[in-house]
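Summary of structural features
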Amino acid sequence: LVLMATTSPPPPTMSAVLVREFGDSSRMNVEHVTVPEVTSNTHVLVKVLCAGVNPVDTYIRTGTYAIKPTLPYTPGKDGAGIVASVGKDIEESDLKVGDHVYIDGPSSGTLAQFCLCDRSAVFKIDDGVPFDQAACLGVPSSTAYRALFTRCRIESGESVLIHGAAGACGTVCVQLAKRHGCVVYGTASTEEGRKCALQAGCKAVSAHDDLGSLNGVVFDVAIEMLANATIADTIQHLAPGARVGVVGNRGLADGVNMRDLMSREACVMGVMLGKSTAADRLETNKAIQSALQDTSLKPVVGASFEGLQKAGEAHDEVIAKRACTYGRVVVHVEQ
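Residues numbered from 1 in each chain as written. Predicted model: local features only at pLDDT ≥ 70, side-chain atom pairs only at ≥ 80, totals over all residues. Heavy atoms only, no water.

1. Section: the overall build of the protein chain
So the rule is basically this: Counting from the N terminus, the helices are the DSSP runs of H or I reaching at least four residues and the strands are the DSSP runs of E reaching at least two. For this measure, only C-alpha atoms enter the radius of gyration; the expected value for a globule follows 2.2 Å times N^0.38, where N is the number of residues. Any pair of residues with heavy atoms lying within 4.5 Å of one another is described as a contacting pair. Using a 1.4 Å probe, accessible areas were evaluated by the Shrake-Rupley method; residue-level cover was limited to the displayed protein chains. Only four residue types enter the charge count, namely Lys and Arg as positive and Asp and Glu as negative; His and the chain termini do not. Throughout, a charge is located at the NZ atom of Lys, the CZ atom of Arg, the CG atom of Asp or the CD atom of Glu.
The number of helices and strands found in the protein chain is nine helices and 15 strands. Taken against the 2.2 N^0.38 rule, which gives 20 Å for 335 residues, the C-alpha radius of gyration of the protein chain at 20 Å falls within 12% of a compact globule. Its C-alpha atoms give the protein chain principal-axis dimensions of roughly 60 × 40 × 35 Å. A fraction of 70% describes how many contacts in the protein chain between residues 6 or more apart in sequence connect residues 24 or more apart. For the protein chain, the exposed area adds up to about 14,900 Å²; of that, 50% sits on carbon and sulfur atoms. Each charge class in the protein chain can be summarised by its mean position, and for the 30 positive and 36 negative side chains these summaries are 2 Å apart.

2. Structural notes on the sheet that holds strand β13 (residues 267-270)
Strand pairing in a sheet takes place through backbone hydrogen bonds and is either antiparallel or parallel in direction. The criterion, for reference: Pairing between strands requires that DSSP locate at least two bridges from one strand to the other. The convention used is that axes are lines fitted to C-alpha atoms, helices contributing only their stretch in contact, and that angles between N-to-C directions extend from 0 to 180 degrees.
Across the sheet, six strands lie side by side as β10-β9-β8-β11-β12-β13; this open sheet has parallel pairing. Each having just a single partner strand, β10 (204-206) and β13 make up the two edges of the open sheet. If you compare each strand with its neighbour and ignore which way they point, the axes differ by 20 degrees on average. Pairing of strand β8 (residues 159-162) with strand β11 (residues 219-224) involves three bridges; the strand directions are parallel. Following the sheet pairing, valine 160 is matched in β11 by valine 221.

3. With respect to the packing of aromatic side chains
How two aromatic rings sit relative to each other is given by the distance of their centres and the angle of their planes. Our working definition: To pair, rings of Phe, Tyr and Trp, with the six-membered ring standing in for Trp, must have centres within 6.5 Å; the planes then decide the type, stacked if under 30 degrees apart, edge-to-face if over 60, and tilted in the middle. Summary of the burial criterion: residues with accessible area below 20% of their type's maximum are buried, those above 50% are exposed, and those between are partly exposed, where the area comes from a 1.4 Å probe applied to protein chains only.
All chains considered together, the criterion is met by three aromatic pairs. Between tyrosine 145 and phenylalanine 149, the aromatic rings sit 4.6 Å apart at their centres with planes inclined by 25 degrees, giving stacked as the arrangement. One end of the pair, tyrosine 145, and the other, phenylalanine 149, are both in helix α3 (residues 139-151), four residues apart, so they sit about a helical turn from each other. As far as the burial class goes, tyrosine 145 and phenylalanine 149 line up, both buried. With a centroid separation of 5.8 Å and an interplanar angle of 65 degrees, the aromatic rings of tyrosine 185 and phenylalanine 219 are classed as edge-to-face. Of the two residues, tyrosine 185 sits in strand β9 (residues 183-187) while phenylalanine 219 sits in strand β11, which places them 34 residues apart along the sequence. Phenylalanine 219 matches tyrosine 185 in its accessibility class, with the two residues each being buried.

4. Quick word on the pattern of salt bridges
This is how the line gets drawn: Think of a salt bridge as a Lys or Arg side-chain nitrogen and an Asp or Glu carboxyl oxygen that are within 4 Å of each other.
Within the structure shown, the criterion is met by eleven salt bridges. A salt bridge links arginine 20 to glutamate 31; the nearest nitrogen and oxygen atoms lie 2.9 Å apart. Separated by eleven residues along the polypeptide, arginine 20 in the loop between β1 (13-19) and β2 (28-34) and glutamate 31 in strand β2 bring together distant segments of the chain. Between glutamate 158 and arginine 243 there is a salt bridge, and its shortest N-O distance comes to 2.9 Å. Taken together, the residues glutamate 158 in the loop between α3 and β8 and arginine 243 in strand β12 (residues 238-246) connect sequence positions 85 residues apart. The pair formed by glutamate 158 and arginine 243 is uniform in burial state, with each residue classed as buried.

5. Quick look at the pairing of β12
For the record, the criterion: Seen with the strands pointing away from the viewer, any crossover whose path from the first strand over the helix to the second strand runs clockwise is right-handed.
In terms of burial, β12 is largely enclosed, as seven of its nine residues are buried. Of the crossover connections in this fold, the one passing from β11 over helix α6 (residues 227-235) to the parallel β12 is right-handed. One ladder, built from four bridges, connects β12 with β13; its direction is parallel. Residue pairing across strands places valine 244 opposite valine 268, the latter belonging to β13.

6. Here's the deal with α6
Selection criterion: The arc in question is traced by the directions running from the helix axis to the C-beta atoms.
Buried residues of α6: Ala227, Thr230, Ile231, Thr234 and Ile235, and no others. What you see down the axis of α6 is that its buried residues fit within an arc of 135 degrees, all on one side. Where the residues of α6 are buried, they touch β8, β11, β12, α7 (258-264) and β13.

7. A short note on the environment of valine 139
Following the sequence through the fold, valine 139 ends up in helix α3. Of the residues examined, valine 139 reaches a relative accessible area of 14% and is grouped as buried. Residues valine 139 and aspartate 78, 61 residues apart in the sequence, show an inter-C-alpha distance of 6.6 Å. Not counting residues up to four positions away in its chain, the partners in contact with valine 139 are Asn54, Lys77, Asp78, Asp104 and Leu273.

8. Here we look at the packing of α3 against helix α8 (residues 278-293)
For the record, the criterion: For classification, angles of less than 35 degrees are called roughly parallel, those exceeding 145 degrees roughly antiparallel, those between 65 and 115 degrees roughly perpendicular, and all remaining angles oblique.
Where α3 meets α8, the axes come as close as 10 Å, and the angle between the chain directions of the two elements is 105 degrees. Comparing the axis directions of α3 and α8 gives the class roughly perpendicular. Only Asp280, Glu283, Thr284, Asn285, Ala287 and Ile288 of α8 make contact with α3, whose side of the interface consists of Ser141, Ser142, Tyr145 and Arg146.

9. Considering the confidence of the model for the protein chain
Counted only if it meets this: As a per-residue measure, pLDDT tells how confident the predictor is, with possible values from 0 to 100.
Summing up the model confidence of the protein chain, the mean pLDDT is 94 and the portion of residues at 70 or higher is 97%. Under a pLDDT of 50 for its full length, residues 2-6 has, in the predicted model, 15 contacts with residues more than four places off or in other chains.

This is how it looks when you write it as structure tokens:
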């Protein structure tokens, strides 16, 4: 999806998904609301063309996540679109109306026709980058960078395992690690997922529970997308001094013997994007923009949903993965 830039002023009202009470995806309804106003000198208003959907978005919607938004709220932490308006302190040489951008950490939700952001949450992309691909950045790419570089501090030449290598975050992890000079291995749950992980840059890919099929490789770094299900086996395949970054987890990890970590002097660490500092965010997105420009990062779109009224289905899909087992779930805001 590539559209020409427009300089038309934003309308007074817009369509947006609103959640008025916590619960399942049926609580998500499209309503007409007022377009957010640029009230700060560093605000940016973006016309959203595509919004990304993250598993954490569904946890927040249910009300079970540690951080609960004030109701009603519009979901969506990332997306892509066209700059519609900017605050007066933003220089035209820096960002201007009509620029194509991706969004990472907006002030209002991206499941809406317009989204309000601080300048620090908006990042320019080349006009040739499709908006659905740009919507695959944001949370997945920032999480991947934080896991690999900020927390696990990967080094060129290391052997890196990406569990869930076909997912939104996993495909970015594979591409960034390969770009850094690592030898990358992955796991995926389906044949189409394993093909996707190989295309992203993995040397070899196995099922989640079959690391032994990777011919005795041991890993200097491992990234866990569902640690409760896979970390016990991962530990058995770690090199001495290995680092494990836990990006996702949904329960207690059975079968973990801490002596297996001790004998390898391995380290397991959590990865929480919300702990990023302003400096972290700047470093991360500079790296992401650079990888986009040299084409070593090619975002992978998985299941796509047309129109805001399909946002609830998109929330269900990001957990159930019925339509597609690889890439990013994306909502095209305009049908």
